[in-house]
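# Coordinate inspection notes
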Amino acid sequence: MMEVPALRELGLMLIAGAVLVLLTRRIFMPSIVAYIFAGLFLGPLTGLVVEQESVQRIADAGIALLLFLVGLELSLDKLRDIGRTAVLAGVGQIILAAVGGAIIAWLFGYAAMEIAFIAAALAFSSTIVPVKLLSQKNQLNSLHGRVAVGISLVQNLLVIVVLTFLTGLGDPDQLTGGAIVRGLAVSFGGMLLLLAGALLSARFLLPHLFGWMGHSQEGLFIWSLGWCFLFVLIAEAFRLSPEIGAFLAGVSLAQLRFNEDLRRRVNPLMNLFVAVFFISLGAGMELGSAADQWLPGLVLSAFVLLTELVFFLWIMIRLGYGDRTGWMTGGAVAQISEFSLVLAALGASIGYVGQPILSLVAIIATVTMGVTAYLILYSELMYDWLVQRRILGHWPARAAGVDVREAHRGHIIVVGMNALGRRIVRRLVDSGEDVLAVDTSPGNLEGLSARVMLGNAEHVGFLEEAGVRDARLLVSTLQIEETNQLLAYWGTLFGIPTSIHAFDNSLADDLLNAGATHLILSKPAGTRRIADAFRRAGIFE
């Protein structure tokens, strides 16, 4: 049972984190930065929190869930989609940042092992910051958004290699040649076995296993978390870090059709645990050692921001994207990663580096994440300002260099794959329309020729991922009164026409008052009436 002091400290951490996020919302500070400041307030500044072991265990679980969520992004379809651009840009940035960071760290007089950790910390870009802020701007599916996310996917694969290598080294007091070889062989061998198990299970086991739970959204969520922690236990048996097991569990589930729905469901839980991790990180910092690291921290932060902006401008222009996409992409990824803090914390816990290096990495993360938040939010204004002064605007995009697909526009979203919904989808597809079929059950989406998306359309975040702002029409064939009224309201809010199933004539007035453009009054006439009504309105040709 968790001790009362641990509950008290956990409560203080969550309250302080919530207050700091609320206070800094107006200035668009990333939540990770706000959490670190909350930890600094609770720990070094006031002494209200003295880090408890049980709280730290919760924080460690949050990092495992974070890597599980990252793994859920790594479907083979996405890897094929990102193309050579993300590979070239992502690997190029890692080399540039690591080499440049190592040189600067050497000039400041750090020891060899400290230089290695600083270089590794600077090598990777954040996933959370650009995804959250680009989603906020509805630009996650834009050209620069997809390039930035693709770069993060490539770098996350390399993060796992670094974590495996660090785990394989083992105790720094026993770094003999034979011990290093044995440790690395066990770590990489175990990681490859886990990877093979993840991919084979995704091909032969998981579709059947999760298919049994297809009609239970709660069951899918619990099964996915159980699968995650099963891989965590297996990873520990191979003497790997739990984060590696969680990541590979996410990779296996990412190959399933309902991975997007799982990702959305795990995300709120992950946010809770990650908040505890970063608050505890700030609470555990020593102000004395942090004060000694401010100068190198600011110099390395400036190096990351400036060199990565310039690098992405250069490589995007060379690849044919133009300087606008280069500027937008550079602004989105010119920060160090949340995994940089994980690497530094792991190095400190094993004994390779001390508290000063952890404080240094926290300073760099705070500065770079804070600055790039504003670079993302005001990227268009900054680019226009640079164009007006003729600094940028000389390198337009060339079509041959673009290998990332733009988001869908002008599509039709059909919610509810009952008999009526499937009939509507088939008719619209036969008419040449771009259709996205939505349902909460994987089985209901089987056999459709349209694009499909698993999830709950009641949530506005899900609708935005479905591209509702750029859709031509939103159709609901559900027989759920509250959901239909909500979808009619969302259609009005986003300014798109809606056709809603009035499965009971008494609901017609309520649906029209909620904003429905057209009502489906009967199943037999549903498809014909939709087509006729929207053809008259000029929506269909």
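Sequence positions are assigned chain by chain, starting from 1 and proceeding in written order. Reporting of local features is limited, given that this is a predicted model, to residues whose pLDDT is at least 70; pairs of side-chain atoms are given and counted only at 80 or more, and all residues count toward the totals for whole chains, interfaces and linings. With hydrogens and water stripped out, all remaining heavy atoms of the structure feed into the side-chain values.

### A short note on the side chain of S337
The test is simple: Where helices and strands are cited, they refer to DSSP runs of H or I of at least four residues and of E of at least two residues respectively, numbered from the N terminus. Between two residues, a contact is recorded if the distance between any of their heavy atoms is within 4.5 Å.
Following the sequence through the fold, S337 ends up in the loop between α15 (322-333) and α16 (338-350). Excluding anything up to four places from it in sequence, S337 contacts F124, S125, S126 and M369.

### Observations regarding the sheet that holds strand β4 (residues 473-476)
To summarise the sheet geometry, strands pair through backbone hydrogen bonds and adopt either a parallel or an antiparallel arrangement. Under the convention used in this document: Two strands pair if DSSP finds at least two bridges between them. Where helices are involved, their axes are fitted lines through C-alpha atoms of the stretch in contact, as for all axes, and angles between N-to-C directions lie from 0 to 180°.
Taken together, the six strands give an open sheet; going across it, the order is β3-β2-β1-β4-β5-β6, and neighbouring strands pair in parallel fashion. Each having just a single partner strand, β3 (451-454) and β6 (518-520) make up the two edges of the open sheet. In this sheet, neighbouring strand axes are inclined to one another by 20 degrees on average, regardless of whether the strands run parallel or antiparallel. As paired strands, strand β1 (residues 412-415) and β4 are joined by four bridges and run parallel to one another. Each residue of the ladder has a partner; that of V415, found in β4, is S476. On the sheet, helix α19 (residues 419-430) packs against β1, β2 (435-439), β4, β5 (498-501) and β6 and is oriented at approximately 160 degrees with respect to β1. Strand contacts of helix α21 (residues 481-494): β1, β4 and β5, with the helix running at about 175 degrees to β5, the strand carrying the most contacts.

### Details of the packing of helix α17 (residues 355-377) against helix α18 (residues 379-388)
Applied cut-off: In this scheme, roughly parallel covers angles under 35 degrees and roughly antiparallel covers those over 145, while 65 to 115 is roughly perpendicular and the rest are oblique.
At a closest axis distance of 4 Å, the pairing of α17 and α18 adopts a crossing angle of 75 degrees. As summarised for this structure, α17 and α18 are arranged roughly perpendicular, according to the angle between their axes. On the side of α17, the interface is formed by Y374, L375, I376 and L377, while α18 contributes S379, E380 and M382.

### Some remarks on the nonpolar core
The cut-off we apply is this: Within this scheme, the nonpolar core is defined by two criteria: the residues are buried Ala, Val, Leu, Ile, Met, Phe, Trp, Tyr or Cys, and they are joined through side-chain atoms within 4.5 Å. Burial classification: accessible surface area is computed with a 1.4 Å probe over protein chains only, and a residue below 20% of its type maximum counts as buried, one above 50% as exposed, and the rest as partly exposed.
Ranked by size, the top nonpolar core spans 119 residues in total, and within it F68, L122, L253 and F278 carry the most contacts. Examining the composition of this core, we find that 12 residues originate from one element, helix α12 (residues 259-283), more than from any other. Once you skip the residues sitting within four places of it in the chain, F68 turns out to touch S224, C228, A246, F247, A249, G250, L253 and V266. Counting 25 residues, the second-largest nonpolar core is a separate cluster that includes L474, I496, I500 and A516.

### Some points on the packing of α15 against α18
Cut-off, in case you're wondering: By definition, any crossing whose near helix is turned counterclockwise from its far helix by less than a right angle is left-handed, and any crossing with a clockwise turn is right-handed. Any residue outside Ala, Val, Leu, Ile, Met, Phe, Trp, Tyr, Cys, Pro, Asp, Glu, Lys and Arg is labelled polar, Gly included; the first ten of those are nonpolar and the last four are charged.
With their axes 10 Å apart at the nearest point, α15 and α18 run at an angle of 135 degrees to one another. In this view, α15 runs oblique relative to α18, as classed from their interaxial angle. In this structure, the crossing between α15 and α18 has a hand that is right-handed. Between α15, through D323, R324, W327 and M328, and α18, the contact on the second element is made entirely by S379, E380, M382, Y383 and L386. Here the residues of the contact of α15 with α18 are counted per class, giving five nonpolar, one polar and three charged.

### Some details on the packing of aromatic side chains
For clarity, the cut-off: Centres within 6.5 Å make a pair out of two Phe, Tyr or Trp rings, where for Trp the six-membered ring is used; the pair is then stacked when the planes are under 30 degrees apart, edge-to-face when over 60, and tilted otherwise.
A complete count under the given rule lists six aromatic pairs for this structure. Geometrically, the ring pair formed by W227 and F231 is tilted, given 5.1 Å between the ring centres and 50 degrees between the ring planes. Placement of both W227 and F231 in helix α10 (residues 217-237) is noted, with a separation of four residues, approximately one turn of the helix. Across the pair, exposure class does not vary: W227 and F231 are buried alike. Among the aromatic side chains, those forming a connected cluster through ring pairs are F311, F312 and W314.

### Some points on a negative patch on the surface
Applicable threshold: Grouping into patches uses exposed residues only, defined as over 30% relative accessible area, and leaves out salt-bridged ones; the cut-off is 9 Å for like charges and 5 Å for nonpolar side chains (Val, Leu, Ile, Met, Phe, Trp, Tyr). Methods summary: accessible areas were calculated by the Shrake-Rupley approach with a probe of 1.4 Å, and residue burial reflects only the protein chains presented. What counts as a salt bridge is simple: a side-chain nitrogen of Lys or Arg found within 4 Å of a carboxyl oxygen of Asp or Glu. Positive charge is attributed to Lys and Arg, negative charge to Asp and Glu, and no charge count is given to His or to the chain ends. In this description, the location of a charge corresponds to atom NZ of lysine, CZ of arginine, CG of aspartate or CD of glutamate.
Residues E458, E481, E482, D504, D509 and D510 make up a contiguous surface patch of negative charge. Secondary-structure elements contributing two or more residues to the negative patch are α21 and α22 (508-514). Within the secondary structure, D510 sits in helix α22.

### Topic: the pairing of β1
Our working rule: Orienting the strands away from the viewer, one traces the path from the first strand over the helix to the second; a clockwise path indicates a right-handed crossover.
Both faces of β1 are covered, namely the face carrying I412 and V414 and the face carrying I413 and V415. One ladder, built from four bridges, connects β1 with β2; its direction is parallel. Bridging across to β2, V415 finds its partner in V438. Handedness of the β1-α19-β2 crossover: right-handed.

### Structural notes on unusual backbone geometry
With a phi close to 60 degrees, R390 is a non-glycine residue in the positive phi region. For R390, a relative accessible area of 69% translates into the label exposed.

### Observations concerning the pattern of salt bridges
Across all of its chains, the model carries two salt bridges by this definition. Between R451 and D434 there is a salt bridge, and its shortest N-O distance comes to 3.3 Å. You can see R451 sitting in strand β3 and its partner D434 sitting in the loop between α19 and β2, a full 17 residues away along the chain. Exposure remark for D434: the relative accessible area of 26% places this residue in the partly exposed category.

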